[in-house]
Amino acid sequence: MANQVQDLTPDEVAKGVSEGRYLLVDVREPNEVAAEAYPYGVVVPLSTFDPKAIPDPQGKDVVFACRSGKRSVTASLAAQAAGLAYDKHLAGGMLGWKAAGLPTKVGG
């Protein structure tokens, strides 16, 4: 399963985060996060992406998220290239998250 990225739906991610199974890593830029953020996201912008900057997930699966689902795939592949088994992302990103009626917050 190397260099593969698993698509998760907004509902799957929201449920996993609320159950403590997922660490949501938002790879959008600070200005995007300031306007609208995932409720429990950790921000590691793709423009300065360093897989080592991701906090220890402490047994949780890391799930990458962005605006539409493209940068999160890039981040997942970069993390895998660095030897990390982070192979999940939020398909559809923030756009899909909001379309699913899930909550957001203002400011990261």
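A.B. asks: Give me the lowdown on the sheet that holds strand 1 (residues 6–8), citing residues and values where you can.
C.D. replies: Within the open sheet, the five strands sit side by side as 1-5-4-2-3. Their pairing is parallel. The open sheet has two edge strands, strand 1 and strand 3 (42–43), and neither has a second partner. As defined by bridge partners, strand 2 (residues 22–26) adjoins strand 3 across two bridges and the pair is classed as parallel. When the bridges of strand 3 are listed, Asp26 appears paired with Val43. Strand contacts of helix 1 (residues 10–18): strand 1, strand 2, strand 4 (61–65) and strand 5 (88–90), with the helix running at about 120° to strand 2, the strand carrying the most contacts. Against the sheet, helix 3 (residues 71–81) contacts strand 4 and strand 5, and its axis sits at roughly 140° relative to strand 4.

A.B. asks: Please give an account of helix 3 that cites residues and values.
C.D. replies: Along an α-helix, residues three or four positions apart point the same way, because every turn accommodates 3.6 residues. Among the residues of helix 3, those classed as buried are Ser72, Ala75, Ser76, Ala79 and Gln80. One side of helix 3 holds all its buried residues, which, seen down the axis, span an arc of 135°. Buried residues in helix 3 make contact with strand 4 and strand 5. At the C-terminal side of helix 3, Gly83 shows a positive phi close to 95°.

A.B. asks: Explain the packing of aromatic side chains residue by residue, including any values.
C.D. replies: Counted under the stated rule, the structure contains three aromatic pairs. Consider the rings of Phe49 and Phe64, whose centres lie 6.0 Å apart with planes at 70°: the pair is edge-to-face. Placement of Phe49 in the loop between strand 3 and strand 4 and of Phe64 in strand 4 is noted, with a sequence separation of 15 residues between them. Summarising the burial analysis for this pair, Phe49 and Phe64 share the class buried.

A.B. asks: Could you give an account of the pattern of salt bridges, naming the residues involved and the relevant values?
C.D. replies: Enumeration according to the criterion identifies eight salt bridges in this entry. For Glu19, the salt bridge is made with Lys15, and the minimal N-O distance between the two is 2.7 Å. Assessed through its relative accessible area of 43%, Glu19 is described here as partly exposed. One network of salt bridges, with partners in common, ties together Lys15, Glu19 and Arg21.

A.B. asks: Which residues make up the side chain of Asp26, and what are the values?
C.D. replies: The topology assignment puts Asp26 in strand 2. Using a relative accessible area of 2% as the deciding quantity, one classes Asp26 as buried. Beyond its immediate sequence surroundings of up to four residues, Asp26 is in contact with Val33, Tyr38, Val42, Val43, Val44, Pro45, Ala65 and Cys66.

A.B. asks: I'd like a description of the environment of Arg28, backed by residues and values.
C.D. replies: Counting through the fold element by element, Arg28 comes out in the loop between strand 2 and helix 2 (30–35). For the pair Arg28 and Gly93, spaced 65 residues apart in sequence, the C-alpha separation works out to 10.0 Å. One polar contact links Arg28 to Asp26, side chain to side chain, over a distance of 2.7 Å. From its side chain, Arg28 meets the backbone oxygen of Glu36 in a polar contact 2.7 Å long.

Here is what the cut-offs are and how they apply
Residues numbered from 1 in each chain as written. Predicted model: local features only at pLDDT ≥ 70, side-chain atom pairs only at ≥ 80, totals over all residues. Heavy atoms only, no water. Pairing = 2+ DSSP bridges. Helix = DSSP H or I, 4+ residues; strand = E, 2+ residues; numbered from the N terminus. Contact = heavy atoms within 4.5 Å. Axes fitted to C-alpha atoms, helices over the stretch in contact; angles between N-to-C directions. Buried < 20%, exposed > 50% of the residue type's maximum accessible area, 1.4 Å probe, protein only. Arc of directions from axis to C-beta. Phe/Tyr/Trp six-rings, centres within 6.5 Å; stacked < 30°, edge-to-face > 60°. Salt bridge = Lys/Arg side-chain N within 4 Å of Asp/Glu carboxyl O. Polar contact = N/O pair within 3.5 Å; in protein donor to acceptor, adjacent residues only side chain to side chain.

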